[in-house]
Amino acid sequence: MVSMVMVAVLALGAAPSADLYVASTGNDSNPGTEAAPFASLERTQVAVRARIASGLDKDLTVLVRGGTYRLAKALRFGPEDSGTAEHSVTYAAYPGEVVVVSGGRPVTGWRAGEFPNAPDLLRVECVTDDVRQIVVNNPLSAGDLAGQHAELVMYQNWSISRVAIVSTNERTIQLANPMGWIGHGAATTASPGKPTYVENALAFVDQPGEWYLDYDSGRLTYQGAPGEDPNKRSFVAPVSDQLVVVEGRADAPVRNLHFQGLTFAHTHWDLPSFGYMGIQAGHYGTSMDKPTFVLPAAIEFTYAQGCGLDRCRVAHTGACGIVFGAGTRNNKVHACELSDVGGNGIMVGWRGKGDIEGKEKGGDVSLAGDWTRAEDAPVDNEVVGNMVTTCGAVNHGCVGIFAAFSRGAQIAHNVVYDMPYTGISVGFRWDESETSQRGAIIEYNHVYDTMKMLADGGCLYTLGYQPGTIIRGNVFHDAHRSAFAHGGAPNNGIFFDQGSKGYRVEGNTIYNTSGDPVRFNQTSKDNMTWENNSLGVGTEQQRIGN
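Residues numbered from 1 in each chain as written. Predicted model: local features only at pLDDT ≥ 70, side-chain atom pairs only at ≥ 80, totals over all residues. Heavy atoms only, no water.

1. Here's the deal with the sheet that holds strand β33 (residues 387–389)
Thought 1: The strand order across the open sheet built from 11 strands is β3-β6-β20-β27-β30-β33-β36-β39-β42-β45-β48, with neighbouring strands paired in parallel fashion. In this open sheet, the two edge strands, each paired with only one partner strand, are β3 (67–70) and β48 (534–535).
Thought 2: Where strand β6 (residues 99–102) and strand β20 (residues 262–265) come together, 4 bridges link them in parallel fashion. Within β20, the residue paired with V101 across the bridge is F264. (Pairing = 2+ DSSP bridges. Helix = DSSP H or I, 4+ residues; strand = E, 2+ residues; numbered from the N terminus.)

Quick look at the structure:
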């Protein structure tokens, strides 16, 4: 027994070993050893590819020493970066050290010299027929905003719209494009009574922490607190719109590639030329008769199998955090932390790339199009044991975890909280027709503090026919109703929306919701199987759940 204990202690004290090393203090002309590490991830990737090309006869590990590694563009991993079915390729943080993979650059050289204040939220009074001119209830104090790259942000019912401002005059705001997803009615389009505010106007920088960027000169203005010296703080301006792109092919997927213990941070997102007209959960478009789009992500997987992120952190992104798209199978996001994410946190069934039915058409055909090739549907991907918070930080109609047009997605043991809209969203077709979405397991998640800005959602939101889907053992609570949520639809613990059908709902606990614990729209409780749920208080609510 004594010798066994001694061996264990020696093992714990041993230095970690790897095949290649990279350090911010290294040099790319080095051989990549622990004593002489590379300096950049790009150079390290070249060395990894050379070893893969020679044939892997064991797992290959890269240890990244503590520090910040700045990327001007995304690291791209293709089939040439792939592990095999037998051997993995892993990029891992050196134990006990903090590694930041950053898409930004530091902002320095401050000299003395965007979020709205809560009381400054405006309300729409009237809108022109072309939805390009908005009259608000109070005059703007900033004068004419022409030429300042200012944007008008509007809270729709369950989404937001964001459009460039052409000019302003007192209470009248002239926009570059129509404000909203046109053709779907008032719920997604500017209409009287909706909350709205202006971002990125120099005159509004009047409280500590607020800032303004002059896009033409590149000058950044920041309002510091009394006595604060910004030169003694760290500011980062995002440069790259993505950090990691893992993109195989249908005939050559990327396999067994892993990232462990790394922090991925600082990506930008450019407002499209037509603006951002939110539809739902990070999807957007211009009008019902035109194609729709989905936000990009800091970390993107397509045609990847058996890959994953473990104990990583994703933060400060302009759009989504992590997405799994066409041809992704058996991948896993485990024990990661996502925060301050501009769009959706994690998506399984991201359709930003790939062949989609009706992609070039408009309306629901484009928005709810399934994969043209059945084999492109994501299969058996796992989102397990993560902490997901403050998503939708830029485009507030986004969610923490999203799954649609996928099979066997497992969303389990996650903590999702502090969301402007819904916590977890599953399914994305507004009827009972069959899609590739089926067999999802949503279990033992803790979702709370949701719906802090918008309406018509909840801790969990579902759409469409999803045979074999299980919703089990979750705790959902504190689905709020904000003072500026628009529209009459309430917010709930679970909102089963149009066409929801085929689920088993068991052992869930729901309480402290602004609306009923469970709500049905164009579906009913009879379309699901129920057992042993605890749904708030009251006999009617309890009866619905059992």
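2. Re the side chain of R429
Thought 1: Here R429 is to be found in the loop between β37 (424–426) and β38 (441–443).
Thought 2: At 2.8 Å, the side chain of R429 forms a polar contact with the backbone oxygen of A368.
Thought 3: There is a polar contact of 3.3 Å between the side chain of R429 and the side chain of S433.
Thought 4: If near-sequence neighbours (up to four positions away) are discounted, R429 is found in contact with E357, A368, G369, D370, F405, E434, T435, L463, G464 and Q498. (Polar contact = N/O pair within 3.5 Å; in protein donor to acceptor, adjacent residues only side chain to side chain. Contact = heavy atoms within 4.5 Å.)

3. What to know about the environment of N344
Thought 1: The residue N344 is located in the loop between β30 (337–341) and β31 (346–348) in this model.
Thought 2: Put simply, N344 and E170 are 174 residues apart on the chain and 35 Å apart in space, counted from C-alpha to C-alpha.
Thought 3: Each residue touching N344, except ones within four places of it in the same chain, is listed here: A281, G282, C320, G321, C398, V399 and G400.
Thought 4: Within the local environment of N344, its side chain forms a polar contact with the backbone oxygen of A281, the two atoms lying 2.8 Å apart.

4. Side note on unusual backbone geometry
Keep in mind that most residues, glycine aside, have a negative phi and that most peptide bonds are trans.
Thought 1: Even without a glycine there, the phi angle at A335 is positive, about 55°.
Thought 2: Relative to the helices and strands, A335 resides in the loop between β29 (332–334) and β30.

5. Looking at the state of the cysteines
Thought 1: The final tally for this structure, using the stated rule, is 0 disulfides.
Thought 2: Summary of cysteine pairing: C398 is not part of a disulfide, and the nearest cysteine sulfur, belonging to C320, is at 5.8 Å. (Disulfide = S-S within 2.5 Å.)

6. Considering the nonpolar core
Thought 1: Counting residues in each nonpolar core, the largest one holds 73 residues, and the members touching the most others are F259, F264, L309 and I322.
Thought 2: Broken down by element, this core gets its largest block of residues, 4 residues, from helix α2 (residues 41–54).
Thought 3: For F264, the contacting residues outside a window of four places in its chain are V101, L243, V244, F259, I299, L309, C312, R313, V314 and A315. (Core = buried A, V, L, I, M, F, W, Y, C linked by side-chain atoms within 4.5 Å. Buried < 20%, exposed > 50% of the residue type's maximum accessible area, 1.4 Å probe, protein only.)

7. Quick notes on the pattern of salt bridges
Thought 1: For the coordinates displayed, the defined rule picks out 28 salt bridges.
Thought 2: Note that R49 is salt-bridged to D81, the shortest N-O span being 2.6 Å. Note that R49 is positioned in helix α2 and D81 in the loop between β4 (75–77) and β5 (89–93), a separation of 32 residues in sequence.
Thought 3: Between E97 and R65 there is a salt bridge, with its nearest N and O atoms 2.6 Å apart. Placement of the pair is E97 in the loop between β5 and β6 and R65 in the loop between β2 (60–64) and β3, with a sequence separation of 32 residues.
Thought 4: Here the residues in one salt-bridge network are E443, R472, R504, E506 and E531, joined through shared partners. (Salt bridge = Lys/Arg side-chain N within 4 Å of Asp/Glu carboxyl O.)

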